[in-house]
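Given next are the chains, with one letter for each unit.
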Amino acid sequence: MSTILSIDGLRKTFSQGFIPRRKEILKGISFAVSEGEIFGYLGPNGSGKTTTIKCVLGLIFPDAGRIELCGRPHLDPRSKEKVGFLPENPYFYDYLTAREFLDFYGQLFRLAPDVRRERIPALLKLVDMERAADLSLRKFSRGMLQRIGLAQALINEPSLVVLDEPLGGLDPIGRKEIRDIILRLRSEGKTVVLSSHILQDIEMICDRVAILVDGRILSQGRLTDLVSEKILFTEIVLSGVGDRELAALGEPLSAQAGRTLLKVYDEARIQAVLDLVRDRKGNVHSLLPRTQTLEDLFVGMVRPR
Amino acid sequence: MTVKVIAVNTFKEAVRDRILYLLLFFAAAAILLSRVLAMFTVGDRTKIIKDVGLASISIFGALMAILIGTGLVYKEIEKRTIFTLISKPIRRSEFLLGKYFGLVLTLAVMLASMGLIFLALILIQTGALEGRLLLAILFIFFELVLLTAVAILFSCFSTPILSSLFSLGFYVIGHFSWSLETLVKKARPGLGKTLLRLLTAVLPDLENFNIRTEVVHGLPLPASLLLYSAAYGIVYAAFVLTVAVLIFRRRDFI
């Protein structure tokens, strides 16, 4: 697969305040995104995710480093023809209606009137905003703005879609719908780069991730390679056995309504626990092997600092 | 093409701004007030109406250019609407010029509305219309074309309040800089005179666009003077816009 976005040695320092104090936000970032994948860019707040994205889109000029979009230098207007972007907490011209708004962005891409007439209703349908087509953006809720923002990012049928915190501020149903749209984009052959700190969402949809902490990429690769499939421990919920007896086999965590949550690290001891429950005529309510999650990996990386 | 799309959108934005109508209301009130002032005047009452009316159009036009112009670019950055725009295949210069021409279009429409009220009043008063009044309004427009460019320039790197003060300063200085020339004539030769000369060359001379006295009093207006004034406005505006684009091109949108 060919590379659609490559970033090499990106650095950016901001000077802030009346007496300028220099703050290095990006300390040499390099990664590449291949065509047709969903790439997750994660990091805690203030790690530099949005700054990286703004550099890619030409909103900020990096101090050093090279960015290539679709095989061209990123500031070349032609390279932006095939890029769609949804910023974090998007604000748009609130005096426009949804339809006028999409039409305006379509015109910026020099789309012909008949193309726009055809594409705008299709996009409104995709993001489920048909009923609000003629409502002014001023009256939109945050979730609605997010949806219309996504529609705006797709108006030029981009090959690369860059989404900055696309799932922020949405309710669970809204998040699922946006996730579904992102997966659909991949199935249409588009590449999606999304930044987030909501790890469950990233884990559900991303093929590859890069983890950014304090302006440096600490880890990147396929999700399956980063997160090991090894079972870390097994959680057993049981009842009818005393905590003292269980302590020898695992780590009894909580007891509620007569049920105990037991954490067993050694796989060989699981059978012993089950035997013990049978002997005491107790019940096993659930048995859940826990593998490493992205969250475990992420917390492990961020915490030592 | 992109400039046109942004200009039309800017026009939509400006005409949906309430401040515009507030200014238009006061402009209309000021123009109509000239009729009242005329009643207290001995002699040619029409001259007073023309004079006060044209001055009102000029001042309120300038206020519109400054108050809306200084907010336009700043608001885009502050409200982050610029993020989605600049990420599209448009040049930053196209964005800025689009904003500029959008506002110029708005001001043209506003001048036309104020002009209509004014001309209607003159028509009622005298029963006749003068083409030269239109010429005076056209030169007010040239002045606004320049003033808008200045407002946009300041708005590229400063907050609306500061930009408004700077632009207002430009407007006031521009209307009084002609008095420097008198000072140059009276100054003794030397360093002081050279510095004053330099200052008169750099400072804008907005009185170039003021042909109201000639129009009101029926004095001759040579074509060469008119051409020079129009060219002065356009060249000065182009220069200011170039500086604005140069600043805007290097800006980071944090």
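Residues numbered from 1 in each chain as written. Chains lettered and ligands numbered in written order. Predicted model: local features only at pLDDT ≥ 70, side-chain atom pairs only at ≥ 80, totals over all residues. Heavy atoms only, no water.

A. Representation of the interface of chain B and chain A. Contacts between chain B and chain A engage 29 residues on the former and 29 residues on the latter. Between chain B and chain A, roughly 2800 Å² of surface is buried when both sides are summed, and carbon and sulfur atoms account for 60% of that area. Summed over the shared surface of chain B and chain A, the result is two salt bridges. Across the contact surface, chain B and chain A share 14 residue pairs in polar contact (both at pLDDT 80 or more). For the side of chain B that touches chain A, the secondary-structure elements that each account for two or more residues are helix H1 (2-15), helix H4 (81-86) and helix H5 (92-126) of chain B. Residues of the side of chain B that touches chain A, tallied by class, amount to ten nonpolar, five polar and 14 charged. (Contact = heavy atoms within 4.5 Å. Buried area = accessible area lost by both parts, 1.4 Å probe. Salt bridge = Lys/Arg side-chain N within 4 Å of Asp/Glu carboxyl O. Polar contact = N/O pair within 3.5 Å; in protein donor to acceptor, adjacent residues only side chain to side chain. Helix = DSSP H or I, 4+ residues; strand = E, 2+ residues; numbered from the N terminus. Nonpolar A, V, L, I, M, F, W, Y, C, P; charged D, E, K, R; others polar.)

B. Just helix H11 (residues 223-249) of chain B, in detail. In this model, H11(B) (27 residues) spans 39 Å end to end at C-alpha, consistent with the 39 Å of a helix rising 1.5 Å per residue. By the burial criterion, the buried members of H11(B) are B:Leu226, B:Ser229, B:Ala230, B:Tyr232, B:Gly233, B:Tyr236, B:Ala237, B:Val240, B:Leu241, B:Ala244, B:Val245 and B:Phe248. (Expected span 1.5 Å × (residues − 1). Buried < 20%, exposed > 50% of the residue type's maximum accessible area, 1.4 Å probe, protein only.)

C. Representation of the sheet that holds strand S2 (residues 21-34) of chain A in the model. Residues and elements named next belong to chain A. Taken in spatial order, the four strands line up as S2-S1-S4-S5 in an open sheet, and their pairing is antiparallel. The open sheet has two edge strands, S2 and strand S5 (72-73), and neither has a second partner. Taken together, the two bridges between strand S4 (residues 64-69) and S5 define a ladder with antiparallel strand orientation. Directly across from leucine 69, in S5, lies its bridge partner arginine 72. Running at roughly 115° to strand S1 (residues 3-16), helix H1 (residues 49-56) makes contact with S1, S2 and S4 of the sheet. (Pairing = 2+ DSSP bridges. Axes fitted to C-alpha atoms, helices over the stretch in contact; angles between N-to-C directions.)

D. Just the pattern of salt bridges, in detail. Inspection of the entire model under this criterion finds 25 salt bridges over all chains. Here A:Glu68 makes a salt bridge to A:Arg66, at a shortest N to O gap of 3.0 Å. With a closest N to O distance of 2.4 Å, B:Glu130 and B:Lys50 form a salt bridge. Of the two residues, B:Glu130 sits in the loop between H5 and helix H6 (131-155) while B:Lys50 sits in helix H3 (residues 45-78), which places them 80 residues apart along the sequence.

E. Highlighting the environment of A:Ala255. Residue and element names in this part refer to chain A. Relative to the assigned elements, alanine 255 resides in strand S12 (residues 251-256). For alanine 255, a relative accessible area of 55% puts it in the exposed group. For the pair alanine 255 and serine 239, spaced 16 residues apart in sequence, the C-alpha separation works out to 9.1 Å.

F. Molecular detail of the sheet that holds strand S10 (residues 216-222) of chain A. All names here are of chain A. Overall, mixed pairing links the six strands, which are arranged S6-S7-S8-S3-S9-S10 in an open sheet. At either end of the open sheet lies a strand with only one pairing partner, and these are strand S6 (83-86) and S10. Taken over all neighbouring pairs, the strand axes of this sheet differ in orientation by 15° on average, direction set aside.

G. A look at the pairing of S2(A). All names here are of chain A. Sheet analysis places S1 next to S2, joined by eleven bridges and oriented antiparallel. The residue of S2 that forms the bridge with serine 6 is alanine 32. Hairpin remark: S1 followed by S2, antiparallel, with four residues in the connecting loop; positive phi at glycine 17, about 90°.

H. Quick peek at the domain arrangement of chain A. All names here are of chain A. If you check the domain split of chain A, you get domain 1 (3-82 + 158-226) and domain 2 (231-302). Every contact between the two is made by 13 residues of domain 1 and, on the other side, eight residues of domain 2. Of the roughly 920 Å² buried between domain 1 and domain 2 on both sides combined, carbon and sulfur atoms contribute 81%. It is Leu199, Glu203 and Ile211 that lose the most area in domain 1 upon contact with domain 2, and together they represent 45% of the buried surface on that side. (Domains from an automatic or database assignment.)

I. Inspection of the packing of H3(B) against helix H7 (residues 160-176) of chain B at higher detail. Residue and element names in this part refer to chain B. Where H3 contacts H7, the axes come no closer than 9 Å and their chain directions differ by 145°. Helix-helix and strand crossings are classified by hand; for H3 and H7 the assignment is right-handed. Of the residues in H7, those in contact with Ser58, Ile59, Ala62, Ile66, Leu67, Thr70, Gly71 and Tyr74 of H3 are Pro160, Ser163, Ser164, Ser167, Leu168 and Tyr171. For the contact of H3 with H7, the per-class residue count stands at eight nonpolar, six polar and no charged. (Left-handed = near helix turned anticlockwise from the far one by under 90°.)

J. The arrangement of the side chain of A:Thr260 in detail. Residue and element names in this part refer to chain A. Of note, threonine 260 is situated in strand S13 (residues 259-264). In this structure threonine 260 comes out as buried when scored by relative accessible area, which is 5%. Leave out the neighbours within four places in its chain, and threonine 260 touches Ile236, Val237, Leu238, Asp243, Leu246, Pro252, Ser254 and Ala255.

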